[in-house]
Amino acid sequence: MGGLAPPRGRLKGVDAIRVRFAPSPTGELHIGNARTALFCWLFARSRQGRFILRIEDTDPERNREDGETAVQEALAWLGMDWDEGPDRGGPFEPYRQSERLALYHEHGRRLLAGGQAYPCFCSPRELARRRAQAGEKGRAPGYDRRCRDLTVEERQSLRERGLPHALRLKSPLSGQTVVSDLVRGEVRFLHGELDDFILVRSDGRPTYNFACVVDDHLMRISHVIRGEEHLSNTPRQSLLYQALEYPLPEFAHIPMILAPDRSKLSKRHGATSVQQYRDQGYLPEALANYLALLGWSYPGGREVFSLEEAARCFSLDRISPSASVYDDRKIEWLNGHYLRELPPGEVARRAMPFMRAEGYVVDENRMRDLVAATQDRVKLLAELPDALSYYFRDDFDCDEAGFQKHLARPGAADLLERGCEVLAGLAENEFTLEGTERAYRDLAGRLGIRAAELIHPTRLALTGRTVGPGLFTIMVLLGRQETLARLRKWAERLRVTPA
Ligand code: GLU
């Protein structure tokens, strides 16, 4: 039983490295697919190769109208660009499989003429019936090859009866195919386990395996990098390359992403698509960085890097063959890191849609100042509207424990009033970080108390919270008038309902 080893193709010239990402336009881009795209992109860029976007849209039932746009938007948002694709054309266009049907049919005819493929007239109903029967008798459920050895006359007569037919590959009955994978090494598949799979369905649509091989060859793909769930398709595709006498590309199957409990990552574990991460306020830099770490490691174990940096040192041999486990704390940590590192103006610009969605009207300059005081306290853009809410409204609920501790006690109203007085004594141009702080510290000195005893109730009166940016920063950002108004309001409120 010798392994089949078709010749390996070597493409020469600047375009030697050609990698494709081939999603089906079924909706939002799943993060598993985004990670595949990222590894393809990183590999292409690391080797001065081409990154190609191909849309696998031959299944109208699964296609979504905006699926292609959703994929493109998600890739661009994450910072990946492509050199060839449906939107930008290229030397091997078209890049949508639905526009390449003639090519698949031509290849189908070639295989049929060469005897490597045959027409199968079994109807789906008949196939299902025989599959069930095989199951009952404990036989393998695959296609029983009934049409494989029909005579020319039998085929002719079935055709004449107008029976629709699919095209199947005549795959070897014995032996094995050895897939040589750049991540997993050699993986063996017995031919006995592969049936005569369909190449072209009776309605003329190609199957994934067939269209994929035809396109990967015609588009001169040098490296097929894809998720591990496709590994079992690879021996079938190898047989097809052999039947077509096309050289094999290199294969790299990247490990699964598992949920923290090591089950399959699914909706119940939280966000699963790039769009959902975006809508939750993750930054593309953080998500891309995180995805790169899911199965790949930066030399030296570095954890924070840009895509450009990763592209400079990416190599397939640093991809781990074992599954990667998703870790929400790490992605949040990374997001917090990028949020702190970005200039406040940039965070402000990106946070604007989140502010608008919560009904806060703010211009970008003001937002930049608010963000500068708060960006190191949040992990997600979507946390900013709440973190900044007290700059926009004074009808906030006061933190209950803080209220009990700092406001609901004798003397609190007095303290707020005294604070208010010294702040009111400052002119508008003295109402600065230094000015307000000096006024408060001097007052504490005069009263013979610690500054904290003034600061805590004031913070609660201004923000309703016990923690946040520096109190004097908050005062300056609220402005003199608003600061005084809130202190007066709380002092009055405490007098009306004394503790
Ligand atoms: N359309 C397939 C998918 O989205 C492509 C698999 C491949 O890269 O060959 O999973």
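Just so we're clear, the structure is a prediction, and the values are computed from it rather than from any experiment.

Caption draft 1: Region of the structure containing the overall build of the protein. Looking only at helices and strands, the protein has 20 helices and twelve strands in total. Compactness check: the protein gives a C-alpha radius of gyration of 32 Å against a globular reference of 23 Å for 499 residues, more than 25% above the reference. Projected onto the principal axes, the alpha-carbon positions of the protein cover approximately 110 × 50 × 35 Å. Scored against the burial criterion, the 499 residues of the protein give a buried share of 50%. Considering only contacts in the protein between residues 6 or more positions apart, those separated by 24 or more positions represent 75%. In the form shown here, the protein has an accessible surface area of approximately 23,900 Å², with 49% of it arising from carbon and sulfur atoms.

Caption draft 2: Representation of the site of the ligand in the model. In the region of the ligand, the neighbouring residues are R20, A22, P23, S24, E56, Y208, C212, R226 and H230. Note that a nitrogen atom of the ligand is positioned 3.4 Å from one of the side-chain N or O atoms of S24. Contacts to the ligand include Y208, whose side-chain N or O atom sits 2.5 Å from an oxygen atom. Within the shell around the ligand, the residues separate by chemical class into four nonpolar, two polar and three charged.

Caption draft 3: Structural detail: the packing of aromatic side chains. What the rule picks out here adds up to eleven aromatic pairs. Pairing W296 with F305 gives two aromatic rings, centres 5.9 Å apart and planes at 90°, and the pair type is edge-to-face. You can call W296 buried: its relative accessible area is 3%. By relative accessible area, which is 3% here, F305 ends up buried. These aromatic residues form a ring-pair network of at least three members: F39, W296, Y298, F305 and F314. Lying across the ring of F39, R35 places its NZ or CZ 5.4 Å from the centre. It is R493 that lies over the ring of W490; its NZ or CZ is 4.4 Å from the centre.

Caption draft 4: Summary view of the confidence of the model for the protein. Overall, the prediction assigns the protein a mean pLDDT of 94, with 97% of residues at 70 or greater. pLDDT under 50 marks residues 1–12. Its contacts with residues more than four places away, or in other chains, come to 29 contacts.

Caption draft 5: Region of the structure containing the pattern of salt bridges. One pass over the full model with this rule turns up 38 salt bridges. Notably, a salt bridge pairs R146 with D144, separated by 3.9 Å at the nearest N-O pair. Here E309 ties to R302 by a salt bridge, and the two come within 2.9 Å at their closest N and O atoms. Among the charged side chains, a network of salt bridges with common partners joins R20, R54, E56, R100, D215 and D216.

Caption draft 6: Geometry of the packing of helix α16 (residues 412–424) against helix α20 (residues 480–496). In contact at an axis separation of 9 Å, α16 and α20 are set at 155° when each is read in the N-to-C sense. Put simply, α16 runs roughly antiparallel to α20. In this structure, α16 meets α20 at a crossing whose hand is left-handed. Residue-level inspection shows A412, A413, D414, L416, E417, C420, L423 and A424 of α16 in contact with α20, the latter providing R480, T483, L484, L487, R488, W490, A491, L494 and R495. Among the residues making up the contact of α16 with α20, the classes are represented as eleven nonpolar, one polar and five charged.

Caption draft 7: Highlighting helix α1 (residues 31–46). Between its first and last C-alpha atoms α1 spans 22 Å; for 16 residues at 1.5 Å apiece the expected length is 22 Å, and the two agree. Along α1, 14 of the 16 residues are buried, which leaves the element largely enclosed by surrounding structure. Following α1 by one or two positions, Q48 has its phi on the positive side, about 50°.

Caption draft 8: Structural context of the side chain of Q237. Residue position: Q237 is located in helix α7 (residues 234–244). Looking at Q237, the relative accessible area reads 0%, which means it is buried. Separated by 3.1 Å, the side chains of Q237 and R226 make a polar contact. Those residues in contact with Q237, other than ones at most four positions away along the chain, are Y208, N209, C212, V213, R226 and F251.

Caption draft 9: Expanded view of the sheet that holds strand β4 (residues 117–120). Taken in spatial order, the three strands make up an open sheet running β4-β5-β8, and their pairing is antiparallel. Looking at the sheet topology across the chains shown, the edges are occupied by β4 and β8 (198–200). With direction set aside, neighbouring strand axes in the sheet form an average angle of 45°. Both β4 and strand β5 (residues 166–169) contribute to a ladder of four bridges, which runs antiparallel. When the bridges of β5 are listed, P119 appears paired with L167.

Caption draft 10: Highlighting the environment of S320. Considering the arrangement of structural elements, one finds S320 in the loop between α10 (307–313) and β12 (324–325). On a C-alpha basis, the gap between S320 and V183 in space is 7.1 Å, while along the polypeptide they are 137 residues apart. Aside from chain neighbours lying at most four places away, what touches S320 is V183, P255 and G295. Within the structure, S320 has its side chain in polar contact with the backbone nitrogen of S322 (distance 3.1 Å).

Caption draft 11: Representation of the environment of D83 within the structure. For D83, the location among the structural elements is in the loop between α2 (67–78) and α3 (101–113). Classification of D83 by relative accessible area gives partly exposed; the value is 22%. Between the C-alpha atoms of D83 and L53, which are 30 residues apart in sequence, the distance is 7.9 Å. If we skip the residues at most four places from it in the chain, D83 touches R45, G49, R50, F51, R88 and G89.

Rules behind the numbers
Residues numbered from 1 in each chain as written. Predicted model: local features only at pLDDT ≥ 70, side-chain atom pairs only at ≥ 80, totals over all residues. Heavy atoms only, no water. Helix = DSSP H or I, 4+ residues; strand = E, 2+ residues; numbered from the N terminus. Rg over C-alpha atoms; globule rule 2.2 N^0.38 Å. Buried < 20%, exposed > 50% of the residue type's maximum accessible area, 1.4 Å probe, protein only. Contact = heavy atoms within 4.5 Å. Areas by Shrake-Rupley, 256 points an atom, 1.4 Å probe, with all protein chains shown as cover. Near = heavy atom within 4 Å. Polar contact = N/O pair within 3.5 Å; in protein donor to acceptor, adjacent residues only side chain to side chain. Nonpolar A, V, L, I, M, F, W, Y, C, P; charged D, E, K, R; others polar. Phe/Tyr/Trp six-rings, centres within 6.5 Å; stacked < 30°, edge-to-face > 60°. Lys NZ or Arg CZ within 6 Å of the ring centre and 35° of its normal. pLDDT = per-residue confidence, 0-100. Salt bridge = Lys/Arg side-chain N within 4 Å of Asp/Glu carboxyl O. Axes fitted to C-alpha atoms, helices over the stretch in contact; angles between N-to-C directions. Parallel < 35°, antiparallel > 145°, perpendicular 65-115°, else oblique. Left-handed = near helix turned anticlockwise from the far one by under 90°. Expected span 1.5 Å × (residues − 1). Pairing = 2+ DSSP bridges.

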